[in-house]
Amino acid sequence: MKKTYRVAVVGATGMVGQTFIKVLEERNFPISKIVFFASKRSAGQEITFQGLPHIVRELTTTSFNEGFDFALFSAGGETSLNYAPYAAEQGATVIDNSSAWRMKSGYPLIVPEVNGQVLTSKDRIIANPNCSTIQSVVPLKVIHDLFHLKRVVYSTYQAVSGSGYKGVFDLERGKNNQDPQFYAKPIYENVLPHIDDFLESGYTKEEKKMIDETRKILGMNDLKVTATCVRVPVLNGHSVSINVECEKRIDLSLLREELKSIGIRVFEKNNYPTPKDVSGRDQIYVGRLRLDDSVTNGLNLWVVADNIRKGAATNAIEIAEYLIKEGLK
Ligand code: A2P
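Keep in mind it's a predicted model, so treat the numbers as computed, not measured. (Residues numbered from 1 in each chain as written. Predicted model: local features only at pLDDT ≥ 70, side-chain atom pairs only at ≥ 80, totals over all residues. Heavy atoms only, no water.)

Caption draft 1: View of the overall build of the chain. In terms of regular secondary structure, the chain is built from 9 helices and 14 strands. By principal-axis analysis of the C-alpha atoms, the chain measures approximately 60 × 55 × 40 Å. Partitioning the contacts of the chain with sequence separation of at least 6, the portion at a separation of at least 24 is 67%. Distance between charge centres in the chain, computed from 41 positive and 38 negative side chains, equals 2 Å. (Helix = DSSP H or I, 4+ residues; strand = E, 2+ residues; numbered from the N terminus. Contact = heavy atoms within 4.5 Å. Lys, Arg positive; Asp, Glu negative; His and termini not counted. Charge placed at Lys NZ, Arg CZ, Asp CG, Glu CD.)

Right, here's the structure in full:
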């Protein structure tokens, strides 16, 4: 008989939490029990899963005592730091969408098709990477395996859904001539080179996340990486322009074939993907592949994905599926 699993969804009323629920249903994840947690504010609300009503519970330190196999967290960094250890102690494998555990040593940061092999049955808290990073490292791993990466330059065009409902509401407010409540400046009819807080260095935390997480996932601590992260007035779907320099000569047709072979959709000639093409899908789309002759072995590419799905919920569920497939859970 097919094994089934007890699943907790923490942050079930949030944008990623809601997508966890949708993706679990769509993929027919083998579930024997599912419980939805959020803050006290949402306790008592009803969520429908596979046609049945479930009452949202307030998250507490004893929430996991009844026993879970997986706890999918997307309730912010502080909630993860405070509650993931309780879930782990009670035997659940936590897959956490916040940035709280990503750069801590001993905690794996996983995109299954890139570095799933580092997972072991002992891992109890597994971090889901930053949204723009997930969609970028998948093609970058292919490029690295073929041509050896030397340097990566990211420029992002990130949708407001990446900020959760707060971002979506600010775009709506702007359309109605109202001031923003979440972003520092209006996002409607504007672009903001400012995602997350600024650091002493002049970089933002989002840029630092992309730099650090790329190195950790690819296992290349010394890789030269830089990033500029920009919020754009797009509802859903992040785009990343990536410029790379490699050690070896780049063969574009070989690269296209290898990208396709791992499930990336490659747009050729003058066709290119946009956020509207990927919204609601799990695939990563790549276009504008072209050599950069301004450096030796340079390449430009344009990478688009649904930041709430492959950039968050789908990747987390793919981590759980990988653990099951490899017999690690
Ligand atoms: P709630 O809706 O009760 O505030 P988003 O990223 O879309 O803003 O969603 C954040 C999610 O995290 C929501 O489900 C929110 O629940 C949940 N959350 C926020 N703070 C806590 C907390 N202290 N305990 C449990 N869940 C929390």
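Caption draft 2: Unusual backbone geometry, seen in detail. Within the chain, Glu189 stands out as a residue other than glycine whose phi angle is a positive 55°. Looking at where Glu189 falls in the secondary structure, it is placed in the loop between α5 (165–175) and α6 (205–218). Given a relative accessible area of 66%, Glu189 falls into the exposed group. We note that Asp196 has phi near 70°; this positive angle belongs to a residue other than glycine. (Buried < 20%, exposed > 50% of the residue type's maximum accessible area, 1.4 Å probe, protein only.)

Caption draft 3: Here's a closer look at the environment of Lys104. Structurally, Lys104 is set in the loop between β7 (93–96) and α3 (112–115). Placed 23 residues apart in sequence, Lys104 and Ala127 show a C-alpha to C-alpha distance of 9.5 Å. In this structure Lys104 touches Leu81 and Lys216, once residues within four positions along its chain are discounted.

Caption draft 4: Spotlight on the domain arrangement of the chain. Domains assigned within the chain are domain 1 (5–129 + 312–325) and domain 2 (132–307). Each partner contributes residues to the interface: domain 1 has 20 residues there, and domain 2 has 16 residues. Roughly 1,500 Å² of surface becomes buried between domain 1 and domain 2 when both sides are summed, with 67% attributable to carbon and sulfur atoms. Interface area lost by domain 1 to domain 2 is led by Met15, Met103 and Val114, which between them contribute 38%. Here domain 1 is connected to domain 2 by 2 salt bridges. (Domains from an automatic or database assignment. Buried area = accessible area lost by both parts, 1.4 Å probe. Salt bridge = Lys/Arg side-chain N within 4 Å of Asp/Glu carboxyl O.)

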